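Listed here are the chains, written in short residue letters.
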Amino acid sequence: MTEKKLLPQHVAVIMDGNGRWAQKNKVSRLSGHNAGMLAMKEIIKKADIMGIKYLTVYAFSTENWKRSAEEVGGIFGLLVKYVASELAELNENNVKVSVLGDWRAVPGAAADSIEKALKTTANNDGLRFNIALNYGSRQEITRAVRKISSLVSEGCMMPDEISEETISRFLYTGEENEYIPDPDLIIRTSGEERISNFLLWQCAYSELAFTDSLWPDFTPDEFESIVEEYTGRSRRFGGR
Ligand code: FPP
């Protein structure tokens, strides 16, 4: 068991490889996403048990709309199913759900489920489980720039007053979600080694970990061993 003080405060995960897992197991892509959802449930439990404070998962990117209508609809259908079956338990476990991204633009039933999850868990103070949904980092930064520009054009802020903190404040991880700290560790599964428009501002000093496991095969034990390996890394944030 890892000492609590060494644990990453915030772990973010790029859950990649559902499609390849489906192909490997000769099932539909949607079955792959369903298996991915089951894996996600186990990782949330594990993160909670380990005492990690923030867990963020990349569930749907602003680029994922390019997939077939069937697959997109299927992923949002899974979200509805997930909230219906898991919300009570998440709430009992004091988990607080947040969504990063333009979630109001997702199909109605999924947006309703999200609203319910946010409301039900709003006052919880256990694990912060953040779902990046219809999220893209460039979109997030563009949106922040627009908000800051409005303040400047209304005369509420001078250009010289814009600092790194101002930009952080207007990201999804800022004021509107009670300031989620930058991820200490970002894990990507499936052997791909890239960030794919995920938390670009916030990952400036994140440690990165890649594994060949396809997301549905990613186990709580592997999660724990990656976190364990992270605790041995030396983080200098540009200093010595
Ligand atoms: C990436 O695998 C995964 C996704 C785009 C969807 C992630 C969704 C889930 C894990 C389940 C749904 C959970 C919620 C909360 C909606 P891929 O399809 O890109 O895999 P591939 O690269 O092998 O094709």
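See the structure above.
Let us look at the structure shown here. (Residues numbered from 1 in each chain as written. Predicted model: local features only at pLDDT ≥ 70, side-chain atom pairs only at ≥ 80, totals over all residues. Heavy atoms only, no water.)

## Looking at the packing of helix 3 (residues 69-92) against helix 4 (residues 108-121)
Here's step 1: The geometry of helix 3 relative to helix 4 is characterised by a closest axis approach of 9 Å and an angle of 15 degrees between their N-to-C directions. One way to sum up the angle between helix 3 and helix 4 is to call them roughly parallel. The interaxial crossing formed by helix 3 with helix 4 has left-handed handedness. From helix 3, F76, L79, V80, V83, L87 and N91 reach across to helix 4, where they touch A109, A110, S113, I114, K116, A117, T120 and T121.
Here's step 2: Its residues assigned to classes, the contact of helix 3 with helix 4 comprises nine nonpolar, four polar and one charged. (Axes fitted to C-alpha atoms, helices over the stretch in contact; angles between N-to-C directions. Helix = DSSP H or I, 4+ residues; strand = E, 2+ residues; numbered from the N terminus. Parallel < 35°, antiparallel > 145°, perpendicular 65-115°, else oblique. Left-handed = near helix turned anticlockwise from the far one by under 90°. Contact = heavy atoms within 4.5 Å. Nonpolar A, V, L, I, M, F, W, Y, C, P; charged D, E, K, R; others polar.)

## Brief notes about helix 5 (residues 137-153)
Here's step 1: When the terminal C-alpha atoms of helix 5 are compared, their 24 Å separation across 17 residues agrees well with the 24 Å that a helix rising 1.5 Å per residue should span.
Here's step 2: Those residues of helix 5 that fall on the buried side of the exposure criterion are S137, E140, R143, A144 and I148. Axial view of helix 5: buried residues confined to an arc of 130 degrees, hence all on one face. Exposed side of helix 5, more than 90 degrees from the buried face: R138, R146 and S153 are the residues found there.
Here's step 3: Along its buried surface, helix 5 packs onto strand 4 (128-135) and helix 6 (164-169). (Expected span 1.5 Å × (residues − 1). Buried < 20%, exposed > 50% of the residue type's maximum accessible area, 1.4 Å probe, protein only. Arc of directions from axis to C-beta.)

## What to know about helix 2 (residues 29-50)
Here's step 1: For helix 2, with 22 residues, the first-to-last C-alpha span of 31 Å sits near the 32 Å given by 1.5 Å per residue.
Here's step 2: Directly beyond the C-terminal end of helix 2, a positive phi value near 90 degrees is found at G51.

## Looking at the pattern of salt bridges
Here's step 1: All told, the structure shown has 18 salt bridges when counted by the stated rule.
Here's step 2: D217 serves as the salt-bridge partner of K24, at 3.3 Å between the closest nitrogen and oxygen. You can see K24 sitting in helix 1 (residues 18-24) and its partner D217 sitting in the loop between strand 6 (207-210) and helix 7 (220-231), a full 193 residues away along the chain.
Here's step 3: Among the ionic pairs, E175 bridges to R169, the shortest N-O distance being 3.1 Å.
Here's step 4: For E175, a relative accessible area of 42% puts it in the partly exposed group. (Salt bridge = Lys/Arg side-chain N within 4 Å of Asp/Glu carboxyl O.)

## Considering the site of the ligand
Here's step 1: As a structural note, the neighbourhood of the ligand is formed by 17 residues, with N18, G19, R20, R29 and R67 the closest of them.
Here's step 2: Within the backbone of G19, one N or O atom sits 3.0 Å away from an oxygen atom of the ligand.
Here's step 3: R29 has a polar side-chain atom sitting 3.0 Å from an oxygen atom of the ligand.
Here's step 4: Compared with its free state, where it exposes 630 Å², the ligand has 92% of that area covered by protein. (Near = heavy atom within 4 Å. Polar contact = N/O pair within 3.5 Å; in protein donor to acceptor, adjacent residues only side chain to side chain. Areas by Shrake-Rupley, 256 points an atom, 1.4 Å probe, with all protein chains shown as cover.)

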